[in-house]
Structure formats: structure tokens, C-alpha cells
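# Observations on the three-dimensional arrangement
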Amino acid sequence: MSADDQIVIVGAGLAGLQIAESLRAAGYAGAVTLLGDEQHLPYHRPPLSKAWLAGEIGAEQLQMRAPEALARKNITLRTDCTVARIDTAAQTVALTNGELLHYSGLALTTGASPRALPLTGGDAPGVLALRSRDDAGNIASRLAACVDNAWPVVVIGGGFVGLEVAATARKKGLSVTALEAAPRLLSRVLAPVLSDWYAALHREHGVQLLLDAQVQAIETVDAAGSPPLLVRMRDGSAYPAGLVVVGIGVVANDGLAQAAGIACERGIVVDACSRTSAPHVVAAGDCTARRLPDGSLLRLESVQNATEQGKSAAAALLGQERPLIATPWFWSDQYDKKLQTAGLSSGADQWVVRGDMVGGSFSVFHLRGGKLLAVDSINATKDHLLARKLLDAGVSPTATQAMDGELDLALMLRTDM
Ligand SMILES: Cc1cc2nc3c(=O)[nH]c(=O)nc-3n(C[C@H](O)[C@H](O)[C@H](O)COP(=O)(O)OP(=O)(O)OC[C@H]3O[C@@H](n4cnc5c(N)ncnc54)[C@H](O)[C@@H]3O)c2cc1C
């Protein structure tokens, strides 16, 4: 180690913290500096739309690590600290306060930002997206005002975050309208059978769900006693709201990398080891797009991806190769239903259901050419854990076997038979 050994990590979220801790776990003894532009210590985002927003857990349960735990590992965390520029030739990062930090290794873990609603009124007060703790705080205050005034809530976008907020608002007894522009919910990530199941679930819980819904504008209403917003649709209909939550996806925060000449394409392009196109620079988490062996790019926004890419990135900074090979997984909680996905279902040519769809505990197996690609499980954690093992082992049940609830698929993993 030389006195110059200094790894700088830009972005103090899940991926950034993972890199810092993995470096220490691997015995790295140089300086590790974690820079985050938020005022908070690193925190968990998933509960922001679920348990925290519902008031079921407190703010302290969002925090990933106590400051003492970071200090013990000799990780320097600087919050409220924004990186303005990177110079990959000089190996420096410039902060917005003018400070210049030298790095021997740099990690970019800048996350993603909500896509803005490109419509008149899309930035009106009370029209809010959910990414950060501060966003969640603003949404929670507005939800409380909706409860106090019996104002309805409108959710624009039928993706996971929007639907989780819709479910949470229903738990609070609010009237909720969810507007999805596509013909089905979660169409980018789920098979039609599950989109339909989710639509039915939300309707059963009292959400007014509109598909193929084209929003034209959001108007501000200034009339005593009426909700302050009106969501105007292209067909002329309109929905009053005390709060409009916009969940129409995110864009990777790759501006710093782009300006530094690092290859970006829908995110910072990384290889399986989280290396970017620049020497000594790695990237991990929601800000990345991973180049796959077939040349295509994979963008994932999940806890598992940020964690696993973070581990690979730390290894790469230490000159080691730890390619990311883990089967992707993800979860979402809506009402009393837990979705757990394993694998990636895009490209599937066949899917079958195992379990009890009506009773709400089942799994959808996705296959292509008879090969298992992915399994999406609802309240079926045993199936999910097994699916991950099958996918890791490259073992595919046939469609008939997958559908047969009496057949123990775990037997397929046994090598002694
Ligand atoms: C409401 C919500 C619910 C979710 N639910 C689930 C779920 O159920 N399951 C699941 O698997 N995933 C879920 N996710 C996704 C998951 O939380 C993300 O994939 C994960 O947090 C990504 O971690 P990250 O470190 O890449 O990015 P982030 O956690 O976004 O961290 C990036 C940090 O970098 C900071 N930053 C950006 N630019 C700069 C700069 N120039 N200087 C300094 N700092 C900077 C950002 O402000 C941010 O703090 C959810 C996300 C949200 C928002």
C-alpha cells in the first residue's frame, strides 16, 4: 500500500456502501471515502413505498449502518457532499464546494432518478415522485393531508413503486385511482397472466384502475374545500387529487461519467466485473448497464443487483476478477402479497402456473425452447428459493413437471438419483 492509496466512491447508497465494506472485508488498508449528496446516512429504499410509508416501521429501521459501524471499519462517509466532475486522466474528483480529491481507484454508484412527467402541471406542488427519503417524507405529509381532508390520491404509472404506493394509500383508507398508459400493468417485467392478476388484486382492494389511460395535463385547483389537483385525461375525463404520485420509471444517473468520457448507454456501461471503459474506474447498481456476452445491455434496478455488482466492483478495484453470475432476483410487497422473481423472463415462449392462483399462492414458470428462464412467485417463498437453485444449476423441469404441484421439483437437484 502506498500513501496515495485512496478509493473514492461517489454515491452513498446500497452499492456504494457495499463496495466500501467489501474493500475492508478483503483487507484493503488504504483510505476509503464514501461521498453522498443526500443529508442522510445510507438507508434502505424499498420500505419507502411499503412498511415505512404505511407507518409500520420507524425512520431508524431505514438506516443501513450506524456511524460507529462505519468508523470502526475506517470508512469515511461525507454526506451532503456532491461530486461535480471527474478527471480520469488526472485521477481526481471535484466537489461542488471546489475541493479536489485524488483517487487511486474510483467507484461510481450514483443510482437513478425518477423520470419526470413531461406534461403541463407535471411539476405542480403535490405532484411527487418517490426515490429518496426526502421524497417519501413529502409523500407521507401529503398522504396525511389527504386523510385529514378525505381527498383522493392518483397514481400515474403502474410499475412496482406506483402500485406499492397505491396499496399503501388503500391501507390508509384513501380513495385511489391508478392510471397506466399501457394496456396492462408491469408489462416490461411480468407475463400477461401476472399483469391481469395484479389488476384484479388492486381492483379487489378498491383501487380504481385504468389501463390505456392517457393523461393530458395536471391542473391546479384553487377552490376552498376541493382537492388541490385535477388530473385531466385526453378523453376529457378528470380525476381530483390531493396527491399525485408519478411512478413512470427511472433514468440512470450517468451524467458525471458521460462528461468524463466514460462509455454510457442507458447507464454507465460495465462488464461482468463492474469495470467501466476508464482505467481504475468501476460502477455498480442502478446507474449501470451491464454488457452481456451476446453484446446486449442489461439494466437492473434491484437490491440484489446493487449488492452483487458492488462486490464485483470492490474485487475489480483490488485487481481481482469476480464476475457477476448470480441469478437475478427481486421482490415487491403489495397488500398481503409478496412477489418474488428469479431469473429474467424476457424472450420466454411458454409459461405455466404451479399452485393456486385463486387462493393467491402460486408461481409462474417461464420457459424458452423448454429451458427454464424465470419463475415469478406470489406468496410462495419455497418455490422462489427452489427456482433460484434450479436456475443456478441450469436444471429445467418440463412444463408438465412444473405444473404438477404433487411433484417435488427439489428432487431434480439431487445428484445421487
Ligand atoms: C421506493 C422504492 C422501492 C423499492 N423497492 C424495491 C424492492 O422491493 N426490491 C428491490 O429489489 N429493489 C427495490 N428498489 C430498488 C432498490 O432500492 C435500488 O435498486 C437500490 O437502492 C439501488 O442502489 P444504488 O446504490 O445503485 O443507488 P441509490 O440507492 O439510488 O444510491 C445512489 C446515491 O448516489 C447519490 N448521488 C448521485 N449523484 C451523486 C453525486 N454527483 N455526488 C454524490 N452523490 C450522488 C444519490 O443521491 C443516492 O443517494 C426500490 C427503490 C425505490 C426507490
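Residues numbered from 1 in each chain as written. Predicted model: local features only at pLDDT ≥ 70, side-chain atom pairs only at ≥ 80, totals over all residues. Heavy atoms only, no water.

## Structural notes on the overall build of the protein
Scanning the protein for helices and strands turns up nine helices and 26 strands. Taken over C-alpha atoms, the radius of gyration comes to 23 Å for the protein, in line with the 22 Å a tight globule of 417 residues would show. If you line up the protein on its principal axes, its C-alpha atoms span 70 × 65 × 40 Å. Going through the 417 residues of the protein one by one, you find that 50% of them count as buried. (Helix = DSSP H or I, 4+ residues; strand = E, 2+ residues; numbered from the N terminus. Rg over C-alpha atoms; globule rule 2.2 N^0.38 Å. Buried < 20%, exposed > 50% of the residue type's maximum accessible area, 1.4 Å probe, protein only.)

## Re the domain arrangement of the protein
Taken domain by domain, the protein holds domain 1 (6–112 + 251–317), domain 2 (127–246) and domain 3 (336–413). Of note, the centres of domain 2 and domain 3, computed from C-alpha atoms alone, are 31 Å apart. In this complex, domain 2 contributes nine residues to the contact, which on the side of domain 3 involves eleven residues. The junction of domain 2 with domain 3 conceals about 890 Å² of combined surface from both sides, 78% of it contributed by carbon and sulfur atoms. Three residues stand out in domain 2 for area buried against domain 3, namely Val193, Leu194 and Trp197, and they jointly supply 56% of the buried area on that side. Taken together, the connections running from domain 2 to domain 3 amount to zero salt bridges. (Domains from an automatic or database assignment. Contact = heavy atoms within 4.5 Å. Buried area = accessible area lost by both parts, 1.4 Å probe. Salt bridge = Lys/Arg side-chain N within 4 Å of Asp/Glu carboxyl O.)

## Here's the deal with the nonpolar core
Membership of the largest hydrophobic core comes to 42 residues, with the highest contact counts inside it found for Ile139, Leu143, Val153, Leu194, Tyr198 and Leu243. Non-local contacts of Ile139, meaning those with residues more than four positions away in its chain, are made with Leu53, Leu128, Ala129, Leu130, Leu243 and Val245. (Core = buried A, V, L, I, M, F, W, Y, C linked by side-chain atoms within 4.5 Å.)

## A few points about helix α4 (residues 160–171)
Here α4 is twelve residues long and its end C-alpha atoms lie 16 Å apart, about the 16 Å a rise of 1.5 Å per residue gives. Most of α4 is tucked away, with nine of its twelve residues classed as buried. Along α4, the residues classified as buried are Phe160, Gly162, Leu163, Glu164, Val165, Ala166, Ala167, Thr168 and Ala169. Phi turns positive one or two residues past the end of α4, at Gly173, with a value near 85 degrees. (Expected span 1.5 Å × (residues − 1).)

## Describing the sheet that holds strand β4 (residues 83–87)
With antiparallel pairing, the three strands of this open sheet are ordered in space as β4-β5-β6. Two strands close off the open sheet at either side, each with one partner strand: β4 and β6 (100–102). Geometrically, the sheet is characterised by an average inter-axis angle of 20 degrees between neighbouring strands, direction not taken into account. Bridge analysis of β4 against strand β5 (residues 92–95) gives four bridges, and the strand direction is antiparallel. The partner of Val83 across the bridge, within β5, is Leu95. (Pairing = 2+ DSSP bridges. Axes fitted to C-alpha atoms, helices over the stretch in contact; angles between N-to-C directions.)

## Overview of the side chain of Arg299
Note that Arg299 resides in the loop between β21 (297–298) and α7 (303–317). Residue Arg299 is classed as buried on the basis of its relative accessible area, which comes to 16%. At 2.7 Å, the side chain of Arg299 forms a polar contact with the backbone oxygen of Asp286. Not counting the four nearest positions on each side in its chain, Arg299 is found in contact with Val250, Ala252, Arg266, Asp286, Cys287, Thr288 and Ala289. (Polar contact = N/O pair within 3.5 Å; in protein donor to acceptor, adjacent residues only side chain to side chain.)

## Quick notes on the sheet that holds strand β26 (residues 371–378)
A sheet is described by the order of its strands in space; here five strands give the open sequence β22-β23-β26-β25-β24, paired in antiparallel fashion. The open sheet has two edge strands, β22 (329–334) and β24 (350–356), and neither has a second partner. Across the sheet, the mean angle separating the axes of adjacent strands is 15 degrees when strand polarity is ignored. The sheet contact formed by β24 and strand β25 (residues 361–368) spans seven bridges and is antiparallel. Pairing of Gln350 across the sheet is with Leu367, part of β25. Of the strands in this sheet, β22, β23 (337–343), β24, β25 and β26 are in contact with helix α8 (residues 381–393), which crosses β23 at around 5 degrees.

## Brief notes about the site of the ligand
Close to the ligand lie 31 residues, the nearest being Asp37, Glu38, Arg45, Lys50 and Arg131. At 3.5 Å, a backbone N or O of Thr109 approaches an oxygen atom of the ligand. Protein chains bury 93% of the 1,000 Å² of accessible surface belonging to the ligand in isolation. When residues of the shell around the ligand are traced back to their parent elements, those giving at least two are α1 (14–25), α7 and β22. Class assignment of the residues belonging to the shell around the ligand gives a composition of 14 nonpolar, ten polar and seven charged. Residue contributions to the shell around the ligand reach at least three from each of two domains, namely domain 1 (6–112 + 251–317) and domain 2 (127–246). (Near = heavy atom within 4 Å. Areas by Shrake-Rupley, 256 points an atom, 1.4 Å probe, with all protein chains shown as cover. Nonpolar A, V, L, I, M, F, W, Y, C, P; charged D, E, K, R; others polar.)

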